[in-house]
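So the chains spell out like this:
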Amino acid sequence: VSKNHTATHLLHWALRNIYGEEVEQAGSFVSDQKLRFDYKFFGEYDENSNEKIENLINKKIMDNDLVKAFETTIEYAKEIGAIALFGEKYGKFVRVVEIGNYSRELCGGIHVKRTGEIGLFKIISNSSIGSNLRRIEAYTGFMAINYLNEKENIIKELTAKLRTEEKDII
């Protein structure tokens, strides 16, 4: 769960990095199997964005950045630019999760200590779920590796059945 929870923060950062700060989290689901991230998006969706998003996140995973959580006042959290979500009401003290020097969000969930613990990030779907609302589902770690291995096995089976090379399947 901690891998997917931290990856959700990296995903939010990557989307804002690619599309701008108007991207806003609209909901999420995190389990030990996968993550789901809903976000408000008012721009033009780029079909190549999955690769861009994955590359940004996997680079941060390979950088093995420090992930730290700390309690502070809501005023200081705002001062350091921590993102608060959903218009929730917060008390005087809040918990901030900070990844490297690029992601700061209010969050009470469990996280890895370094981004490298996530292992790998792979988007399995990126779809529209309403007006100006999109959903990304993704795997991390061995779930991502298993997903890629399944895809590779499908390609191997296709090349055998079609008696062709991978590059000629299409």
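Above this text you will find the structure in question.
Residues numbered from 1 in each chain as written. Predicted model: local features only at pLDDT ≥ 70, side-chain atom pairs only at ≥ 80, totals over all residues. Heavy atoms only, no water.

With that settled, the discussion passes to the side chain of Ser49. The residue Ser49 is located in helix H2 (residues 49-63) in this model. For Ser49, a relative accessible area of 1% gives the class buried. (Helix = DSSP H or I, 4+ residues; strand = E, 2+ residues; numbered from the N terminus. Buried < 20%, exposed > 50% of the residue type's maximum accessible area, 1.4 Å probe, protein only.)

Now for the packing of helix H1 (residues 2-19) against H2. Axis separation between H1 and H2 bottoms out at 9 Å; the angle between their running directions is 125°. In terms of orientation, H1 and H2 fall into the oblique class. The hand of the H1/H2 crossing is right-handed. Contacts from Leu10, Leu11, Trp13, Ala14, Leu15, Asn17, Ile18 and Tyr19 in H1 reach Ser49, Lys52, Ile53, Leu56, Ile57, Lys60 and Ile61 in H2. Residue composition of the contact of H1 with H2, by class: 11 nonpolar, 2 polar and 2 charged. (Axes fitted to C-alpha atoms, helices over the stretch in contact; angles between N-to-C directions. Parallel < 35°, antiparallel > 145°, perpendicular 65-115°, else oblique. Left-handed = near helix turned anticlockwise from the far one by under 90°. Contact = heavy atoms within 4.5 Å. Nonpolar A, V, L, I, M, F, W, Y, C, P; charged D, E, K, R; others polar.)

On the surface, Ile154, Leu158 and Leu162 cluster together into a nonpolar patch covering about 260 Å² of accessible area. Its place among the elements puts Leu158 in helix H4 (residues 141-162). (Patch = residues over 30% accessible without salt bridge, like charges linked within 9 Å, V, L, I, M, F, W, Y side chains within 5 Å. Areas by Shrake-Rupley, 256 points an atom, 1.4 Å probe, with all protein chains shown as cover. Salt bridge = Lys/Arg side-chain N within 4 Å of Asp/Glu carboxyl O.)

The next thing to look at is the sheet that holds strand E5 (residues 103-106). Within the open sheet, the 3 strands sit side by side as E3-E4-E5. Their pairing is antiparallel. The sheet is open, and its two edges are formed by strand E3 (67-73) and E5, each paired on a single side. Strand-to-strand twist across the sheet, computed as the mean angle between neighbouring axes with direction ignored, equals 25°. Pairing analysis gives 7 bridges linking E3 to strand E4 (residues 93-99), with the strands arranged antiparallel. Residue Phe70 lies in a different strand from E4, and its bridge partner there is Val96. Across the sheet, H1 lies against E3, E4 and E5, angled at about 115° from E5, the strand it touches most. (Pairing = 2+ DSSP bridges.)

Bringing the pattern of salt bridges into the picture now. In total, this model carries 11 salt bridges according to the counting rule given. For Asp38, the salt bridge goes to Arg135, with nearest N and O atoms at 2.6 Å. With a gap of 97 residues between them, Asp38 in strand E2 (residues 35-40) and Arg135 in strand E7 (residues 133-140) connect regions that are remote in the sequence. A salt bridge links Lys59 to Asp63, with the nearest nitrogen and oxygen atoms 2.7 Å apart. Residue Lys59 and its partner Asp63 are located together in helix H2, separated by 4 residues, close to a single helical turn. Taking relative accessible area as the criterion, Lys59 reaches 47% and is therefore assigned partly exposed. Ionic contacts of the salt-bridge type, sharing partners, join the residues Lys68, Glu98 and Arg104 into one network.

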